[in-house]
Amino acid sequence: MLLPLFLAMLWGGSQALDLFKLQVQESVMVQEGLCVVVPCSIFYPSRGWSPTTPAYGFWFRDQSPRPSLPVATNKPGQDVDTDTQGRFQLLGDPRESCSLLIREAHLEDTSLYFFRFERGDYVKYNFMEYKFYLQVTALTQKPAIYVPEILQPGHQVTLFCAFNWIFDECPVPAVSWIGNTVSANGASPRTSYFSELTFTPRPQDHNTELTCRVDFSGEGVSTQNTVWLSVAYAPKDLIISISDTDEPALEPRGKNLHLEVKKGQSLQLLCAVDSLPLATLSWTLQDRVLSWSHPLGSTTLELALPRVKAEDAGRYTCRAENRLGFLSRSLDLSVRYAPENLKVVISRANHTALENLESGASLQVLEGQSLRLLCVAHGNPPAQLSWTHRGRTVSPSQPSDPGVLELPQIQTEQEGEFTCRAQNPLGSQNISLSLSVVSPPQLLGPSCSQEDEGLRCSCSSRARPAPSLRWRLGEGLLAGELSNASFEVSSSSAGPWANSSLSLREGLSSGLRLSCEALNAHGARSGSVLLLPDEKELASRAFSSGVSLGTGVTTFLFLCFILILVRALRKKWTQAEVPAATSAPAPAPAPAPGKAPRSRFSRRSMILDYINVIPKAGPLPPPDGHSPEARKNQKELHLVSHNCPGPKSSPQASEAENNQEELHYAVLNFPGLRPWETQRPKGTHPEYAEIQFH
């Protein structure tokens, strides 16, 4: 009978156990001084109590030894733990809720907690299988301050402070603002989880502190957060730093920055500025932008100059700009290097174009021409320039500008190498040019004399380079070394001189035109000989009484008359620009009665065989045709100068162009008669003709 009763009691207890349940989270975490609510629900059997029966709940620490006092209860008159009294509190309807409110949590509150429920005579139960663990940590949470990243000076702004720990059952903390920007009214605390502050930023508010403080009731637990205000301002404190690969960075001080570096050195320029918002930085050389920072701005910008070149010299400017203004600073960079790019600029007389010559160039200049040489070099410091000629220093034409060398009226002795030297403390460079003097031909001759079997003419010319000579006989052209039965041409040259002789053995006739031509790359000259007809009667009368003094005087006056006539005709021909050598030969006198005209002249009986036209020239050495050996093959020849009054030639007719035929002096050769051997009287003018008698 006892066994069935025991089994029934055992079965009833097991069923009752299944009816007691508790829903609570296993772990709860809260920071020291804060408030937390632990939600909890209870389920129990409907036995031993009526709807009016009160329900009592108790929360205990689960520790050993088991405490006798709960930390919280709703039972009137029940004592509680003094450490938790007033801080731990049951919430809700105790008949169905076991939620626990914990205020101002202490670190010592960390523990396991279990719940006991009582209602009526039957429901009295410790929910040991349903516990939660409370963990109290140090207070680290701070209020959040919402402030614009950059405050605009003079523009009103509102800031916000909020504490993100809100439970309806927890008491509201007090929030206050602390800082230079806070007015008296804004400084008083306000009970809330949220607070705002309105003010107008000033430039001096930049980098000042603003604090939001949250105070909890109780034992003075509080938390706060501090921010630094950022008030916008224009760029300021711009600094340019300099560094190279060998030395530490430098910071040039002063308003005007200057830096000297050697060519080939690596360099880095760093620009740093203070601004808010961040400024856009840029590097410029003169007016050319070299680099710039990100569009959103930067505090520094670097400019790398690897292996500095001469053209890298100039003014480098760093500019910083934001919406509130801009600021710039410059650095003058000087690149030191030895002289380079040395060249000579040539300016010739009557030429507007300039010539640039490199080292080793050859320069040809006309004799008598003016020349200006300008030596130009690049270098830093500026190079000292000097000129040498054939190794000897030449004084500069302009002491203030030693690179200029004036060469007026260049002569042959100025030929040779001219060298310009550019030098500074870092090195030197030379440039040389070879100057050669050239000139157009100057003609001596032609001059002709009678030989036993014909006529021999010689012609000489001086020029640089040496000219080439050729003879023009009628329509034929004779040059070089030629020889046949009618003529023989021989030529020679030495230095600037060229000589040529022409021997005519036959083919001489009245009116035959013979000319000598000299030419080189810089000009040409020509002189002509015109053969005239022979008049026997004139020759007989002119020389039959040559043994007496009266006849000589008559002949002298006659010849002066002929000279005056020739000079007058020459002036007329010059003004008409008709070469004298092309004029027709003078008509021969009529033949004597009873005598037939001569179709060919006789070499042994002619009076006026020919007229030699010799160009006017300066002092020249005697050509080959006037050498002593040449005179051996000629008949005796004596030069007699006579001073005959007459008109002088005009200056315009005294010189002709290089390529024109010259008719400046007439030499009349009369074969068969020996003149008086006299000297030119004093006071005679060199412009008068020289008359040669043969």
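Residues numbered from 1 in each chain as written. Predicted model: local features only at pLDDT ≥ 70, side-chain atom pairs only at ≥ 80, totals over all residues. Heavy atoms only, no water.

Basically, it comes down to this: UniProt positions are given in the numbering used here, feature names are shortened, and annotations may be inferred rather than shown by experiment.
The name given to the chain in an unreviewed UniProt entry is Sialic acid-binding Ig-like lectin 10 isoform X2, and the organism recorded there is Odocoileus virginianus. You can read under Sequence similarities (unreviewed entry) in the UniProt record for the chain the words "Belongs to the immunoglobulin superfamily. SIGLEC (sialic acid binding Ig-like lectin) family." Listed in UniProt under the heading Subcellular location (unreviewed entry), the comment for the chain reads: "Membrane".

## Comments concerning the sheet that holds strand E11 (residues 144-146)
Stated precisely, the cut-off is as follows: For two strands to pair, DSSP has to find at least two bridges joining them. Helix and strand definitions here come from DSSP, where helices need a minimum of 4 consecutive H or I residues and strands a minimum of 2 consecutive E residues; each element is numbered from the N-terminal end. A fitted line through C-alpha atoms represents every axis, and for helices the fit uses only the stretch in contact; the resulting angles, taken between N-to-C directions, go from 0 to 180 degrees.
Pairing is antiparallel across the open sheet formed by 3 strands, whose spatial order is E11-E12-E15. Edge positions in the sheet fall to E11 and strand E15 (194-199), since each has one partner strand and no second. When strand polarity is set aside, the average angle formed by the axes of neighbouring strands in this sheet is 20°. Relative to strand E12 (residues 157-162), E11 runs antiparallel, the two being bridged by 3 bridges. Each residue of the ladder has a partner; that of Tyr146, found in E12, is Phe160.

## Let's talk about unusual backbone geometry
Residue Pro277 follows Leu276 across a cis peptide bond; omega there is 0°. With respect to the helices and strands, Pro277 occurs in the loop between strand E20 (267-276) and strand E21 (280-285). One non-glycine residue, Arg307, lies in positive phi territory at about 50°. Counting through the fold element by element, Arg307 comes out in the loop between strand E23 (300-305) and strand E24 (314-322).

## Quick look at a nonpolar patch on the surface
Rules: Excluding any residue in a salt bridge, patches collect residues exceeding 30% relative accessible area, merging like charges within 9 Å and nonpolar Val, Leu, Ile, Met, Phe, Trp and Tyr side chains within 5 Å. Areas reported here follow the Shrake-Rupley algorithm with a probe of radius 1.4 Å; residue values treat only the protein chains shown as occluding. Any Lys or Arg side-chain nitrogen located within 4 Å of an Asp or Glu carboxyl oxygen qualifies as a salt bridge. The buried label goes to any residue with under 20% of its type's maximum accessible area, the exposed label to any with over 50%, and the partly exposed label to all in between, with areas taken from a 1.4 Å probe on protein chains only.
On the surface, Phe558, Phe561 and Leu565 cluster together into a nonpolar patch covering about 320 Å² of accessible area. In this structure, Phe558 sits in helix H4 (residues 549-575). Residue classification places Phe558 among the partly exposed positions, given a relative accessible area of 43%.

## Side note on the pattern of salt bridges
One pass over the full model with this rule turns up 18 salt bridges. A salt bridge links Asp215 to Arg213; the shortest N-O distance between them is 3.0 Å. By relative accessible area, which is 27% here, Arg213 ends up partly exposed. Here the salt bridges share partners, and the residues they tie into one network are Arg61, Asp81, Arg87 and Asp109.

## With respect to the state of the cysteines
Inclusion rule: The disulfide definition used here is simple: a pair of cysteine sulfur atoms within 2.5 Å.
Taken as a whole and judged by the stated rule, the model has 7 disulfides. Covalently, Cys40 is tied to Cys98 through a disulfide, its sulfur atoms 1.6 Å apart. Here the S-S torsion is close to -80°, and the disulfide linking Cys40 with Cys98 is therefore left-handed. With Cys40 in strand E4 (residues 40-43) and Cys98 in the loop between strand E7 (88-90) and strand E8 (100-102), the pair connects residues that are 58 residues apart, well separated along the chain. Like Cys40, the residue Cys98 is buried in the burial classification. Across a sulfur-sulfur distance of 1.9 Å, Cys375 and Cys420 are joined as a disulfide pair.

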